[in-house]
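Summary of the model geometry
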Amino acid sequence: MLRLRWGLRVVSCGLSAPGSAACGGPWRRLRSVLTMAEDLRAAVASPAKRLNSSSEVVERLEENGHQNKRLKRDADEEDAEDQSKKSPKRKIVLLMAYSGKGYHGMQRNVGSSQFKTIEDDLVFALVQSGCIPENHGEDMKKMSFQRCARTDKGVSAAGQIVSLKVRLIDDILEKINNHLPSHIRILGLKRVTGGFNSKNKCDARTYSYMLPTFAFAHKDHDVQEEVYRLDKETLAKVNKLLACYKGTHNFHNFTSQKGPRDPSAKRYIMEMYCGEPFVRENMEFAVIRVKGQSFMMHQIRKMIGLVIAIVKGYAAESIIERSWGEEKVDVPKAPGLGLVLERVHFEKYNRRFGNDGLHEPLEWTEEEEKIAVFKEQYIYPTIINTEREEKSMANWLNTLSIHDFNSSAVGMQANNKNSKNSSDLEGSDGCGDDSD
């Protein structure tokens, strides 16, 4: 009844002014109630307002942070773009020298950190020096990277060539070398044509093989130790045998997984000879040089291994001719220690582009002194010290007696298995078209 009477009294005021006598009392009470309700609603809403206000502040800070990050990223990209404009990408070749001991070859295995390679260190230096962006190191095709020869485990190089696209930054060689270990050096750089590929454009490769001369000591009547010295008669015999390899022959017995009728087993050898012996740390050494159009996996080591077997009296000279036939011949593989990629040749490229006024011939006459110094400091000492410590050649020579040089395929698998442990410790030449 009270609520009804209150309502009727309010309604009975009609459109009378709030200050009129007819409804003065009820209107004032209503206004007071409404004011209290408004104050209560405002009090309840204040924490929410404060909360909303705080949320807005956080959102604004986050938005400003994202904007700052975007601005920084845009600035970095602009700086990189400016740097790229200042240092445009160009196709070049790098002349490399390295000691291969402790590395599992030249070629990089992206995604595998178990076996360290020369290219792992090279790519790291290229990225750190600013020559290439980091993603090019992860995908080497992006910089059109190509090595001339893939040297295998333990094999060194004095004249390796790689082709790639880089930013031609100032003092580029110095900056790259600053991020390389001392036993890997970039000795030279030249600009090349845009479509240049160091592997496909290579006409020939020259390797050297440094070995202790007691490897040529006859098994029956010569001293088999470090005191042995190579005489002129034996050296002449070695060179006579090495010269037999010159020309085009079927080298299917000097590699693996190639049959006698495989056309790719035919290889062209331009020269092969052994130089005069020299003494280092009371041990006599000699260096064999071989230049060929290309080489298959293990080919050079087997060529040398067979000559050693003949000179020491384990095999007849006729085995060389027989090895080029279709029958399977047991050819021993000399240790990888001592094998060095000396230089690569680009005669056809030089004739076409070397004097066009835009490009230089790929010859390294000015770098010859630096190459010689590097070999004396890093390559030769490594070969000598490793031979002394590990006796790789001496241990391998002890396996020659288990080879059957008169047999064909019979019993060869057992012989190869027995000699594998000693001959594979240092890796292989692993260069040429078939090993990439």
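Note that the coordinates shown come from a computational prediction; the quantities given were computed from them, not determined experimentally.

To continue, consider the pairing of strand E1 (residues 89–98). Within E1, 8 of the 10 residues are buried, which leaves the element mostly enclosed by the surrounding structure. Taken together, the 9 bridges between E1 and strand E3 (residues 156–167) define a ladder with antiparallel strand orientation. Each residue of the ladder has a partner; that of Tyr-98, found in E3, is Ala-157. Taken together, the 7 bridges between E1 and strand E4 (residues 184–191) define a ladder with antiparallel strand orientation. Bridged to Ile-92 within E4 is Arg-191.

Applying the stated criterion to the full structure yields 3 cavities of 30 Å³ or more. A volume near 60 Å³ is recorded for the largest cavity. For the lining of the largest cavity, the secondary structure elements donating two or more residues are strand E10 (339–345) and helix H10 (368–390). Class assignment for the residues of the lining of the largest cavity results in 5 nonpolar, 5 polar and 1 charged. If you add up the space inside the second largest cavity, you get close to 50 Å³. As for the second largest cavity, its lining consists of Tyr-209, Met-210, Leu-211, Pro-212, Phe-285, Pro-335, Leu-337, Gly-338, Ile-383, Glu-387, Ser-392 and Met-393. Going through the elements one at a time, strand E5 (204–212), H10 and helix H11 (392–397) are the ones with two or more residues in the lining of the second largest cavity. It is E5 that provides the largest number of residues to the lining of the second largest cavity, a total of 4 residues.

Moving on, we get to the UniProt feature "active site" (unreviewed entry) in the protein chain. Cross-referencing UniProt, the feature "active site" (unreviewed entry) maps to Asp-152 in the present numbering. Considering the arrangement of structural elements, one finds Asp-152 in the loop between strand E2 (146–147) and E3.

Take the packing of helix H6 (residues 232–243) against helix H7 (residues 299–311) next. Between H6 and H7, the shortest axis-to-axis distance is 10 Å and the interhelical angle comes to 135°. Taken together, the axis directions place H6 and H7 in an arrangement best described as oblique. Here H6 and H7 pass one another in a crossing that is right-handed. Seen from H6, the contacting residues are Thr-234, Lys-237, Val-238, Leu-241 and Leu-242; seen from H7, they are Val-307, Ile-310 and Val-311.

Here we take up unusual backbone geometry. In this structure, Asp-171 is a non-glycine residue whose phi angle is positive, near 50°. What makes Asp-171 exposed here is its relative accessible area of 52%. For Asn-282, which is not glycine, the phi dihedral falls at a positive 65°. The residue Asn-282 is located in the loop between strand E8 (278–280) and strand E9 (283–292) in this model. For Asn-282, a relative accessible area of 62% puts it in the exposed group.

Right, let's talk about the confidence of the model for the protein chain for a bit. Caution applies to low-pLDDT regions: their predicted coordinates should not be interpreted in detail. Chain-level statistics for the protein chain give a pLDDT mean of 82 and a share of 72% at 70 or above. Between residues 1–23, whose pLDDT stays under 50, and residues either more than four places distant or in other chains, the model counts 13 contacts. Between residues 47–51, whose pLDDT stays under 50, and residues either more than four places distant or in other chains, the model counts 0 contacts.

Scoring rules and cut-offs
- Residues numbered from 1 in each chain as written.
- Predicted model: local features only at pLDDT ≥ 70, side-chain atom pairs only at ≥ 80, totals over all residues.
- Heavy atoms only, no water.
- Buried < 20%, exposed > 50% of the residue type's maximum accessible area, 1.4 Å probe, protein only.
- Helix = DSSP H or I, 4+ residues; strand = E, 2+ residues; numbered from the N terminus.
- Pairing = 2+ DSSP bridges.
- 1 Å grid on protein atoms, 1.4 Å probe; cavity = no way out; pocket = protein on both sides within 12 Å on 5 of 7 lines; lining within 4 Å.
- Points joined across faces, edges and corners; volume = space filled by probe spheres on them.
- Nonpolar A, V, L, I, M, F, W, Y, C, P; charged D, E, K, R; others polar.
- UniProt positions renumbered as here; feature names shortened; annotations may be inferred.
- Axes fitted to C-alpha atoms, helices over the stretch in contact; angles between N-to-C directions.
- Parallel < 35°, antiparallel > 145°, perpendicular 65-115°, else oblique.
- Left-handed = near helix turned anticlockwise from the far one by under 90°.
- Contact = heavy atoms within 4.5 Å.
- pLDDT = per-residue confidence, 0-100.

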